[in-house]
Amino acid sequence: MKDELIKKAFDIAEERYAAVGVDVNKALEDLQKISLSLHCWQADDVSGFENPNGQLSGGIQATGNYPGKARNIEELRTDVLKAASYIPGTHRLNLHATYGDFGGKFVDRDQIEPKHFQSWMEWGKEHNMKLDFNSTSFSHPKSGSLTLSNPDKEIRDFWIEHTKRSRAIAEAMGKYQGSPCVMNLWIHDGSKDQTVNRLYYRELLKQSLDEIFATKYNNMKDCIEAKLFGIGAESYTVGSYDFYLGYGVKNNKMVTLDTGHFHLTESIADKISSLLLFTPEIMLHVSRPVRWDSDHVTIMNDDTLDLAKEIIRCNALDRVNIGLDYFDASINRIGAYVIGSRATQKCLIQALLEPLAQLRKYEANDQLFERLALLEEAKSLPWNAVWDMFCLKNNVPVGEEFIAEIQKYEVDVTSKR
Ligand code: RNT
Ligand code: ZN
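Read on for a plain summary of the structure. (Residues numbered from 1 in each chain as written. Chains lettered and ligands numbered in written order. Predicted model: local features only at pLDDT ≥ 70, side-chain atom pairs only at ≥ 80, totals over all residues. Heavy atoms only, no water.)

Remarks on the site of ligand 1
Here is step 1 of the chain: Around ligand 1, the structure places 13 residues, and the nearest of them are His96, Glu225, Lys227, Asp258 and Asp325.
Here is step 2 of the chain: Between ligand 1 and Lys227, the relevant distance is 2.7 Å, taken from an oxygen atom to a side-chain nitrogen or oxygen of the residue.
Here is step 3 of the chain: A distance of 2.9 Å separates an oxygen atom of ligand 1 from a polar side-chain atom of Asp258.
Here is step 4 of the chain: Notes on ligand 1: free accessible area 310 Å², of which the protein chains cover 100%.
Here is step 5 of the chain: Considered class by class, the residues forming the shell around ligand 1 number five nonpolar, three polar and five charged. (Near = heavy atom within 4 Å. Polar contact = N/O pair within 3.5 Å; in protein donor to acceptor, adjacent residues only side chain to side chain. Areas by Shrake-Rupley, 256 points an atom, 1.4 Å probe, with all protein chains shown as cover. Nonpolar A, V, L, I, M, F, W, Y, C, P; charged D, E, K, R; others polar.)

Digging into the coordination of the zinc ion (ligand 2)
Note on metal geometry: ideal angles are 109.5 degrees for four donors arranged tetrahedrally and 90 or 180 degrees for six donors arranged octahedrally.
Here is step 1 of the chain: Every protein donor of the zinc ion (ligand 2) is listed here as Glu225 (OE), Asp258 (OD), His285 (ND1) and Asp325 (OD), and their distances to the metal cover 2.1 to 2.2 Å.
Here is step 2 of the chain: Angles of 72 to 170° at the metal separate the six donor atoms of the zinc ion (ligand 2), which places the site in the irregular class.
Here is step 3 of the chain: Counting the intervening residues between successive donors of the zinc ion (ligand 2) yields the motif E-x32-D-x26-H-x39-D. Here His285 is found in strand β9 (residues 282-286), whereas its partner Asp325 is found in the loop between β12 (320-324) and α10 (333-352), with 40 residues between them in sequence.
Here is step 4 of the chain: According to the relative accessible area criterion, Asp325 is buried, its value standing at 7%. (Donors = N, O, S within 2.8 Å, 3.2 Å for Na, K, Ca; no water. Tetrahedral: all angles 85-135°; square planar, octahedral: opposite > 155°, others 65-115°. Helix = DSSP H or I, 4+ residues; strand = E, 2+ residues; numbered from the N terminus. Buried < 20%, exposed > 50% of the residue type's maximum accessible area, 1.4 Å probe, protein only.)

As for helix α7 (residues 241-251)
Here is step 1 of the chain: All of the buried residues in α7 are Tyr241, Phe243, Tyr244, Tyr247 and Gly248. Buried residues of α7, viewed axially, fall in a sector of 160°; they line one side. Residues Asp242 and Lys250 are exposed on α7 and point more than 90 degrees away from its buried face.
Here is step 2 of the chain: Where α7 is buried, its residues touch β4 (181-185), α6 (198-212), β6 (220-225), β8 (254-258) and α8 (269-278).
Here is step 3 of the chain: Of the residues trailing α7, Asn252 is marked for its positive phi of about 60°. (Arc of directions from axis to C-beta. Contact = heavy atoms within 4.5 Å.)

What to know about the packing of α10 against helix α13 (residues 383-393)
Here is step 1 of the chain: Between α10 and α13, the least distance of the axes is 10 Å, while the angle of their chain directions is 125°. Regarding the angle of α10 to α13, the classification is oblique. The handedness of the crossing between α10 and α13 is right-handed. Here α10 contributes Arg342, Gln345, Lys346, Ile349 and Gln350 to the contact with α13, which in turn contributes Trp383, Val386, Trp387, Phe390 and Cys391.
Here is step 2 of the chain: Its residues assigned to classes, the contact of α10 with α13 shows six nonpolar, two polar and two charged. (Axes fitted to C-alpha atoms, helices over the stretch in contact; angles between N-to-C directions. Parallel < 35°, antiparallel > 145°, perpendicular 65-115°, else oblique. Left-handed = near helix turned anticlockwise from the far one by under 90°.)

As for the environment of Ala18
Here is step 1 of the chain: Here Ala18 is to be found in helix α1 (residues 3-19).
Here is step 2 of the chain: Residues Ala18 and Ile403 lie 385 residues apart in sequence; the distance between their C-alpha atoms is 33 Å.

Structural notes on the environment of Asn128
Here is step 1 of the chain: In this structure, Asn128 sits in the loop between α4 (118-126) and β3 (131-134).
Here is step 2 of the chain: Along the sequence, Asn128 and Leu199 sit 71 residues apart, while their C-alpha atoms lie 45 Å from each other.

Quick notes on the side chain of Thr256
Here is step 1 of the chain: Locating Thr256 in the fold gives a position in strand β8.
Here is step 2 of the chain: Here Thr256 is in contact with Asn184, Cys223, Ile224, Glu225, Ala226, Met283 and His285, once residues within four sequence places are set aside.

Some details on the packing of α6 against α7
Here is step 1 of the chain: The interhelical angle for the contact between α6 and α7, taken along N-to-C directions, is 35°, at an axis separation of 12 Å. Crossing geometry of α6 relative to α7 is assigned as right-handed. Packed against α6, whose contacting residues are Arg202, Leu205, Lys206, Leu209 and Asp210, the element α7 presents Phe243, Tyr244 and Tyr247 at the interface.
Here is step 2 of the chain: Here the residues of the contact of α6 with α7 are counted per class, giving five nonpolar, no polar and three charged.

As for the pattern of salt bridges
Here is step 1 of the chain: Summed over all chains, the structure comprises 23 salt bridges.
Here is step 2 of the chain: Of the charged contacts in the structure, one is a salt bridge between Arg71 and Glu75, with a shortest N-O distance of 2.5 Å.
Here is step 3 of the chain: Judged by relative accessible area, Arg71 falls into the partly exposed class, the value being 46%.
Here is step 4 of the chain: Overall, the relative accessible area of 12% leaves Glu75 in the buried class.
Here is step 5 of the chain: One salt bridge connects Lys221 with Glu281, and the closest N-O pair in it is separated by 2.7 Å. With Lys221 in strand β6 and Glu281 in the loop between α8 and β9, this pair connects stretches of sequence that are 60 residues apart.
Here is step 6 of the chain: Take Lys221: its relative accessible area is 28%, and that puts it in the partly exposed class.
Here is step 7 of the chain: Each member of the salt-bridge network shares a partner with another, and the members are Arg71, Glu75, Asp79 and Arg417. (Salt bridge = Lys/Arg side-chain N within 4 Å of Asp/Glu carboxyl O.)

Some words on the packing of aromatic side chains
Here is step 1 of the chain: Per the stated rule, a full pass over the model turns up 13 aromatic pairs.
Here is step 2 of the chain: With a centroid separation of 5.2 Å and 75° between ring planes, the pair formed by Phe49 and Tyr99 is classed as edge-to-face. Taken together, the residues span a long stretch of sequence, with Phe49 in the loop between β1 (36-39) and α3 (73-84) and Tyr99 in the loop between β2 (92-96) and α4 at a distance of 50 residues. For the pair shown, Phe49 and Tyr99 are each scored as buried. (Phe/Tyr/Trp six-rings, centres within 6.5 Å; stacked < 30°, edge-to-face > 60°.)

Okay, structure coming up:
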């Protein structure tokens, strides 16, 4: 697209927004400061490098067999950088413990160390990508249906050790990159059918977490991710939302809200303002559940928009960490990264451009028709011209231009794998 056209449209948008009291340049500045945490696992369908031929287990599934998935650390790095080159701004990379640089050797989960992630840290520094981290308790012979809440002490201790080591790795990453590494803890523990021991497993999980979190660190931040159910764990999930909300409030830990982990009509956006009052920060896994926690590619829909608006309305950009979490194996995987990341940013720019001061004035005066009318009109203000300018300024393709570039990368690189 021609630069002049983008600039012209931007100038008009600037005036339109000024008329409702919104400064488009401030919105651009704010969006520039938001780093998304890109999930490394979209590039290879959550396979990892511990045992690339292993089966995905733990109630999550990547469906599809689109050709060209990353098969090793080099391919994954190249793909992530390619995707990032079409996403305006500076972003982070969220690694799972199974994505270590194990040098072709099998390193069991209770043996991982910061040295297995040294090359990631260096790579991150080189490419200006800060790292986040996740312990990985799924897809392992000891995963079964219970890990940190397993009554078998040997298995439980194995996963406690893994999670402690994961925290130590996150600490090393945070120190190395001079920015706290956010470490997410998600376990699939649960049961397919009815259990008569709901309390018992939750007691065990609580004990395991207490032991894991006993070490205090300064360069990493913990977050705990709740879930409603998983495939094969339909009747009971040990780490439910109530469980982690309670644990997080009591122990000052962030709770991770994955947008696919709730009843489909439940508003995740509505949770932001409550969590902000009782927990230190929030971690988001922005996803798109279709009928279930299907992990479809994030798009610009009402759910994502509502979430973005709540973050901005709560003035909470400095306390909400925005990560993505989906894995679609049925379309070009690099394209999937770009679509989901740009969709999240498009929602954020619309939220940043909301005529909030005027809306709040109306609300304070009980002018409810006026509030609803402006909310409706705001939807069709020319936010897209501001978004295009953001892409232009960041030197990334504007609009649909990235489609052809990703097609080219597919022809030249991924289709040859
Ligand atoms: C699973 C959780 C979890 C995973 C990743 C791979 O339902 O959302 O966050 O998707 O850890
Ligand atoms: Zn998640």
